[in-house]
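Observations on chain architecture
Residues per chain, in single letters:
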Amino acid sequence: MIDLTTAPIAESVPRLLQWGSELTPTLGGVTQRLDRLGSRHGLDVQMPPMRMADEGRRWISRLLLAKQEGGRIAFPQVDFEPGPCGRPTVSIATASGRSIPITGATAYYTVREGQWLSVTHAGRSYLYCATAQVVLNGSGAGAVPVDVLLRSPLSVGDAVELSKPVIEGWLSGDGYEWTLERSRTVGLGFTIVERA
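The text that follows walks through the structure, step by step, so that each part is easy to find. Predicted model only: the values in this text are computed from it and were never measured. (Residues numbered from 1 in each chain as written. Predicted model: local features only at pLDDT ≥ 70, side-chain atom pairs only at ≥ 80, totals over all residues. Heavy atoms only, no water.)

**A few points about the pattern of salt bridges**
Per the counting criterion, the structure on display carries six salt bridges. Two residues, Asp44 and Arg15, come together in a salt bridge whose shortest N-O distance is 2.8 Å. In this pair, Asp44 is assigned in strand 5 (residues 40–46) and Arg15 in strand 2 (residues 11–17), connecting sequence segments 29 residues apart. Take Arg15: its relative accessible area is 34%, and that puts it in the partly exposed class. (Salt bridge = Lys/Arg side-chain N within 4 Å of Asp/Glu carboxyl O. Helix = DSSP H or I, 4+ residues; strand = E, 2+ residues; numbered from the N terminus. Buried < 20%, exposed > 50% of the residue type's maximum accessible area, 1.4 Å probe, protein only.)

**Some remarks on the sheet that holds strand 17 (residues 179–180)**
Spatially, the three strands line up as an open sheet ordered 6-18-17, and their pairing is antiparallel. Either end of the sheet is taken by a strand with one partner, and the two such strands are strand 6 (50–51) and strand 17. In the sheet, strand 17 pairs with strand 18 (residues 185–187) via two bridges, with the strands oriented antiparallel. Within the sheet, the bridge partner assigned to Thr179 lies in strand 18 and is Gly187. (Pairing = 2+ DSSP bridges.)

**Overview of helix 1 (residues 52–69)**
Residue pairs three or four apart in sequence face the same way in an α-helix, which turns once every 3.6 residues. Every buried residue belonging to helix 1 is among Gly56, Trp59, Ile60, Leu63, Ala66 and Lys67, and all of these are buried. Taken down its axis, helix 1 places every buried residue within 130° of arc, on the same side. For helix 1, the exposed residues set more than 90 degrees away from the buried face come down to Ala53 and Gln68. Buried residues along helix 1 sit against strand 1 (2–3), strand 6, strand 7 (71–74), strand 16 (166–171), strand 18 and strand 19 (189–194). Just beyond helix 1, the residue with positive phi is Gly70, at close to 90°. (Arc of directions from axis to C-beta. Contact = heavy atoms within 4.5 Å.)

**A look at the side chain of Thr185**
When you line up the elements, Thr185 lands in strand 18. Apart from residues no more than four positions distant in its own chain, Thr185 is found in contact with Met50, Arg51, Met52, Thr179 and Leu180.

**Topic: the packing of aromatic side chains**
This model, assessed by the stated rule, comprises one aromatic pair. Taking the centre distance of 4.5 Å and the plane angle of 45° together, the rings of Phe75 and Trp116 count as tilted. Of this pair, Phe75 sits in the loop between strand 7 and strand 8 (86–90) while Trp116 sits in strand 11 (residues 116–121), and the two are 41 residues apart along the sequence. Taken as a pair, Phe75 and Trp116 share a single burial class, namely buried. Stacked on the ring of Trp19, the Lys or Arg Arg40 has its end atom at 4.7 Å from the ring centre. (Phe/Tyr/Trp six-rings, centres within 6.5 Å; stacked < 30°, edge-to-face > 60°. Lys NZ or Arg CZ within 6 Å of the ring centre and 35° of its normal.)

So, in structure tokens, the structure goes:
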């Protein structure tokens, strides 16, 4: 997994990739929502123009490796300051659902609706969005409801990143390309999609 967390981002487009669907009866009636495991996030990233020497070459090299090995990039939270959140971890082993039980955060920390967080389990990070505001208790514990079903069982002690969440996965597409300008700058962009 190639660390791209210091990548400069000029513009980004987050997206939800959803595998659920609506079931519509053939003779009319009420539609039902079928939620399937595997919904995940993706992020289109456009980096600012940079000089080919030396910065451009370094980022081309890192992105070429990430195309083959996968990458991890900081998920942007524009105009949001999470504040001191402690060192939160998963408090209860959880196999499924839409809630992440945490402990070890700052006492009475407020997880805000729409705040992004990532959980690292077995060396892989998973990105989630909090769907409600939750004020943790005096010991920094509580349960945070999230936007998609948990994609991996969580173990006690798994790290929960509230201040600098990451999105981890594959750089999508069949190839990788970049633009070279006559002004000796390079334009780089990529799409990263969570593996699961």
